[in-house]
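In case you want the letters, here they are:
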Amino acid sequence: MDKEMKRYMEEALFEAKKAEALGEVPIGAVIVKDSQIIARGHNLRETRKDPTAHAEIIAIHQASQVLGGWRLHGCTLYVTLEPCQMCAGAIIQARIDHVVYGASDPKAGCAGTICNLLEDHRFNHQAKITSGIMEEESSLLLKKFFKKLRESKDKK
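As the structure is a prediction and not an experimental result, all values here were calculated from the model.

**What about the pairing of strand S3 (residues 75-81)?**
Logical step 1: Counting buried residues along S3, seven of its seven residues qualify, which places the element largely inside the surrounding structure.
Logical step 2: Where strand S1 (residues 28-33) meets S3, five bridges bridge the pair, whose relative direction is antiparallel. Paired with Val32 across the strands is Thr76, a residue of S3.
Logical step 3: Bridging between S3 and strand S4 (residues 98-103) involves five bridges; their strand directions are parallel. Paired with Val79 across the bridge in S4 is Tyr101.

**A look at the sheet that holds S1**
Logical step 1: Read across the open sheet, the five strands follow the order S2-S1-S3-S4-S5; overall the sheet is mixed. A strand with exactly one partner marks an edge of an open sheet, and here the two such strands are strand S2 (36-42) and strand S5 (128-131). On average, each strand axis in the sheet is inclined to that of its neighbour by 20°, with strand direction left out of account.
Logical step 2: Sheet analysis places S1 next to S2, joined by six bridges and oriented antiparallel. By the bridge assignment for S2, Lys33 is matched with Gln36.

**Structural notes on the UniProt feature "domain: CMP/dCMP-type deaminase" (unreviewed entry) in the chain**
Logical step 1: The positions UniProt marks with the feature "domain: CMP/dCMP-type deaminase" (unreviewed entry) are residues 3-126.
Logical step 2: With 37% helix and 21% strand, residues 3-126 has end C-alpha atoms that lie 25 Å from one another.

**Structural notes on the UniProt feature "binding site: Zn(2+)" (unreviewed entry) in the chain**
Logical step 1: Within this structure's numbering, the places UniProt gives as "binding site: Zn(2+)" (unreviewed entry) are His54, Cys84 and Cys87. These annotated residues cover 34 residues of sequence, and their C-alpha atoms all fall within 9.4 Å of one another, placing them together at a single site. The annotated residues that sit in the lining of the largest pocket are His54, Cys84 and Cys87.
Logical step 2: When you line up the elements, His54 lands in the loop between helix H2 (45-48) and helix H3 (55-67).
Logical step 3: Leaving out residues up to four positions away in the same chain, His54 has contacts with Asn43, Arg45, Cys84, Met86 and Cys87.
Logical step 4: A polar atom in the side chain of His54 sits 3.5 Å from the side chain of Arg45.

**Quick notes on the nonpolar core**
Logical step 1: Grouped together as the largest cluster of nonpolar side chains are 30 residues, with contacts concentrated most on Ile31, Ile60, Leu72, Leu77, Ile91, Ile96 and Leu118.
Logical step 2: Elements that contribute at least two residues to this core include exactly S1, S2, H3, S3, helix H4 (85-94) and S4.
Logical step 3: With five residues, H4 is the single largest residue contributor to this core.
Logical step 4: Grouped together as the second largest cluster of nonpolar side chains are 13 residues, Tyr8, Met9, Leu13 and Tyr78 included.

Rules and cut-offs
- Along each chain, the written sequence defines residue order, and numbers are assigned to residues from 1.
- Confidence filtering applies because this is a predicted model: local features only for residues at pLDDT of at least 70, side-chain atom pairs given and counted only at 80 or more, and all residues used for totals across whole chains, interfaces and linings.
- With hydrogens and water stripped out, all remaining heavy atoms of the structure feed into the side-chain values.
- Per-residue accessibility, obtained with a 1.4 Å probe over protein chains only, is compared with the maximum for each type, and a residue is labelled buried under 20%, exposed over 50%, and partly exposed between these values.
- The secondary structure listing takes helices from DSSP runs of H or I that are at least 4 residues long and strands from runs of E that are at least 2 residues long, numbered from the N terminus.
- Any two strands with at least two DSSP-identified bridges between them are counted as paired.
- What counts as an axis is a line fitted to C-alpha atoms, over the stretch in contact for a helix, and the angles between N-to-C directions run from 0 to 180 degrees.
- UniProt positions are given in the numbering used here, feature names are shortened, and annotations may be inferred rather than shown by experiment.
- Buriedness of a pocket was judged along seven lines, with at least five required to meet protein on both sides within 12 Å; pockets are open sets of points on a 1 Å grid over the protein atoms alone, cavities are sets where a 1.4 Å probe fits but cannot get out, and lining residues have an atom within 4 Å of a point.
- Contact between two residues is taken to exist if any of their heavy atoms lie within 4.5 Å; hydrogens are not considered.
- Here a polar contact means two N or O atoms within 3.5 Å. Within protein one must be a hydrogen donor candidate and the other an acceptor candidate, and residues neighboring in sequence count only if both atoms are side-chain atoms.
- Residues belong to a common nonpolar core when they are buried Ala, Val, Leu, Ile, Met, Phe, Trp, Tyr or Cys residues joined through side-chain atoms within 4.5 Å.

Encoded structure:
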């Protein structure tokens, strides 16, 4: 595994743990340009009561503010879980060059699992995909979260 990819995925996992501490599904993202993290995000759907408050969307918004525009050419998005259809669409619209993710998402993954929107040549932009970077750590974080959630519901 590439050391640089691992380092940035560790930062995305750090963001995921912030989400978990808030009772959110632990998904985190960072956006990198020129070897610098320019944006961070973690799931805030429950906190904000907003179905669009995914880690990727929050990071894309922040990166656009930092760069002063909506085109995120030259950027790589690192995210702990494979992007869903909404996030894949936002990645395409933002013109992000590369997406690196940890765990695949069999229920909503649109970067190769259910479909591959990011590399679909019918769109005006495609993003390179690298999957499985720190997959075990990303997956374990999610599994533990949902196990704890189920146990909590069983007690009630």
